[in-house]
Amino acid sequence: RVYLDWAASSPPDPEILDLQRRVAEDMFANPSSLHTMGRKAQEALHQAREKAALSLGTTTERIYFTSGATESNNIVFTSLLLRRRDGHVVTSAIEHSSAWEPALLLKRLGYEVTSVRPRSDGILTPEDVVEAVRPDTLLVSVMLVNNETGAIQPVREIAEAVRERAGRRVHIHSDVVQAVGKIPVDLEALGVDSASVSMHKFRGPRGVGILYLARQIEVLYAGGGQEWGMRPGTENLPGIVAGSEALVRAVRRREEGAEQASRLMGRLIEGLCEMKGVQILPEERLTVPERYSPFILTVSFPPVPGEVIQRVLNDAGFAVSTGSACASHKGKGRRVLDAMGIPEEVSFSSIRISIGPDTTEDDIEEFLRYARKELPLLMKVAR
Ligand code: PMP
């Protein structure tokens with residue numbers, strides 16, 4: 001099988017799995033326990049935090065381990081519920097559902113929410129975001145790399161512009177899940193108040209993530225005070241240790257991996273463009289490829305429904321997805337592509353292809369060979 005769904009989850013690194021198992025066996029004591037075994041677990045937790053902090057360009061006291069990016073995003077959004085219920089939130093219209101749905105939750109509970117649409121290239125402008133900021137805005141959330149189009153958002157410029165307009169009053173959040181290990185991520189340089197990371201996107205364990213917080217916030221959780229109260233609950237030490245090591249490796253190999261991905265993505269796009277009627281989304285991808293992650297591509301085969309393409313490819317041994325895996329439960333159409341102004345009949349026929357550092361030239365050639373042989377007929381029949 002050819003796995004082309006790395007943006008949904010990546011195959012775990014065998015050495016990382018091994019490390020995870022060893023920690024689970026050898027360091028099962030509670031890191032909060034005061035005996036020697038507990039202290040050892042506490043020390044391992046601290047070392048993992050140091051590694052994670054270093055890899056993300058920040059310091060240990062700003063790293064909080066969570067159960068994943070969904071939880072990290074939720075902690076930030078729901079923290080507003082402890083303040084007031086009449087504030088305003090600005091979010092991009094292209095956020096992952098784990099940031100988008102919490103915004104909708106706030107809306108249901110009394111907050112006003114403005115969602116800022118990207119331009120047709122899938123990228124937000126700082127001007128558009130700042131324009132949405134009001135005197136009562138409490139939170140601005142814009143992801144760094146979109147998980148469907150790969151569009152890289154100018155988060156640093158957005159943060160600067162929002163600060164200039166509103167100062168420290170506004171909390172600026174960024175979901176950097178699809179950026180870590182793929183494009184340079186220096187959290188301090190990004191200038192945000194919080195950010196979310198997920199370990200299973202770079203060959204680490206599932207169910208482990210990071211919430212970066214430049215300063216602590218009030219959270220809806222109450223418990224044993226772990227993670228300085230930001231995420232109480234006995235720490236998932238095997239996941240945290242293994243995940244932080246996966247993070248170190250992903251960041252160390254980033255440049256090499258991105259170079260290879262750029263080459264493969266270039267070839268993939270070139271091959272797809274040779275097929276009549278196929279549309280790369282957004283089309284700006286062809287003219288300014290450097291503004292997109294080379295690991296993610298959305299492509300449309302009108303008028304065949306994306307689900308059909310996905311199924312046909314699956315039967316032939318290729319794993320791809322229709323948009324975000326997390327949106328596939330909801331049948332809500334293609335919110336992200338809609339926000340970019342892509343016509344429904346085009347977005348309806350799209351699939352997402354995402355690659356990783358282990359994807360080979362052979363994988364891409366095999367995919368292109370199959371796509372060019374089988375999909376044109378499907379497109380003709382569906383017309
Ligand atoms: N944000 C983005 C951009 C993602 O792609 C994902 C993974 N689907 C998440 C958040 C959720 O991460 P997790 O699976 O760790 O909850």
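Residues numbered from 1 in each chain as written. Predicted model: local features only at pLDDT ≥ 70, side-chain atom pairs only at ≥ 80, totals over all residues. Heavy atoms only, no water.

1. Re the nonpolar core
As a rule of thumb, soluble globular proteins bury nonpolar side chains together.
Here is step 1: Residues Phe65, Leu144, Val162, Val176 and Ile210 are the most contacted members of the largest nonpolar core, which totals 62 residues.
Here is step 2: For this core, the element with the highest residue contribution is helix α8 (residues 237-252), accounting for 7 residues.
Here is step 3: Counting only domains with at least three residues in this core, you end up with domain 1 (2-9 + 254-382) and domain 2 (14-252).
Here is step 4: When sequence neighbours within four positions are dropped, the list of residues in contact with phenylalanine 65 reads Leu45, Ala48, Arg49, Ala52, Met199, Gly209, Ile210, Glu227, Arg231, Ile240 and Ser244.
Here is step 5: Formed by 33 residues, the second largest nonpolar core is a distinct cluster that contains Leu272, Phe295, Phe318 and Ala371. (Core = buried A, V, L, I, M, F, W, Y, C linked by side-chain atoms within 4.5 Å. Buried < 20%, exposed > 50% of the residue type's maximum accessible area, 1.4 Å probe, protein only. Helix = DSSP H or I, 4+ residues; strand = E, 2+ residues; numbered from the N terminus. Domains from an automatic or database assignment. Contact = heavy atoms within 4.5 Å.)

2. Description of the site of the ligand
Here is step 1: What surrounds the ligand is a group of 14 residues, the closest being Thr70, Asp175, Gln178, Ser198 and Lys201.
Here is step 2: A distance of 3.2 Å separates a nitrogen atom of the ligand from a polar side-chain atom of histidine 96.
Here is step 3: Between the ligand and lysine 201, the relevant distance is 2.8 Å, taken from a nitrogen atom to a side-chain nitrogen or oxygen of the residue.
Here is step 4: Expressed as a share of its isolated accessible area of 400 Å², the protein-covered part of the ligand is 90%.
Here is step 5: Of the residues that constitute the shell around the ligand, the class distribution is 4 nonpolar, 8 polar and 2 charged. (Near = heavy atom within 4 Å. Polar contact = N/O pair within 3.5 Å; in protein donor to acceptor, adjacent residues only side chain to side chain. Areas by Shrake-Rupley, 256 points an atom, 1.4 Å probe, with all protein chains shown as cover. Nonpolar A, V, L, I, M, F, W, Y, C, P; charged D, E, K, R; others polar.)

3. A look at the domain arrangement of the protein
Here is step 1: Domain parsing of the protein yields domain 1 (2-9 + 254-382) and domain 2 (14-252).
Here is step 2: The distance between the C-alpha centroids of domain 1 and domain 2 comes to 27 Å.
Here is step 3: Taken together, the 32 residues of domain 1 in the interface contact 34 residues of domain 2.
Here is step 4: Of the roughly 2800 Å² buried between domain 1 and domain 2, counting both surfaces, carbon and sulfur atoms make up 50%.
Here is step 5: Counting every contact that joins domain 1 to domain 2 gives 2 salt bridges. (Buried area = accessible area lost by both parts, 1.4 Å probe. Salt bridge = Lys/Arg side-chain N within 4 Å of Asp/Glu carboxyl O.)

4. A word on helix α9 (residues 254-273)
Here is step 1: With 20 residues, α9 extends 27 Å from end C-alpha to end C-alpha; this agrees with the ideal 28 Å at 1.5 Å per step.
Here is step 2: Against α8, β9 (279-281), β10 (296-300), β12 (350-354) and α13 (361-382) lie the buried residues of α9. (Expected span 1.5 Å × (residues − 1).)

5. Quick word on the sheet that holds β9
Here is step 1: Sheet architecture is open: 3 strands sit in the order β9-β10-β12, paired in antiparallel fashion. Two strands bound the open sheet, and with one partner strand each, they are β9 and β12. Taking the axes of each pair of neighbouring strands and ignoring which way they run, one obtains an average angle of 35° across the sheet.
Here is step 2: Where β9 lies against β10, 3 bridges are found, and the strand directions are antiparallel. The partner of leucine 281 across the bridge, within β10, is threonine 298. (Pairing = 2+ DSSP bridges. Axes fitted to C-alpha atoms, helices over the stretch in contact; angles between N-to-C directions.)

6. Details of the pattern of salt bridges
Here is step 1: Applying the stated criterion across every chain yields a total of 23 salt bridges.
Here is step 2: In this structure, arginine 163 engages aspartate 193 in a salt bridge whose closest nitrogen and oxygen atoms are separated by 2.9 Å. Linking arginine 163 in helix α6 (residues 155-166) with aspartate 193 in the loop between α7 (187-190) and β7 (194-198), this pair joins segments that are 30 residues apart in sequence. Aspartate 193 carries the same exposure label as arginine 163, and that label is buried.
Here is step 3: Close ionic contact of arginine 372 with glutamate 274 constitutes a salt bridge, the shortest N to O distance being 2.9 Å. Placement of arginine 372 in helix α13 and of glutamate 274 in the loop between α9 and β9 is noted, with a sequence separation of 98 residues between them.
Here is step 4: Exposure remark for arginine 372: the relative accessible area of 31% places this residue in the partly exposed category.

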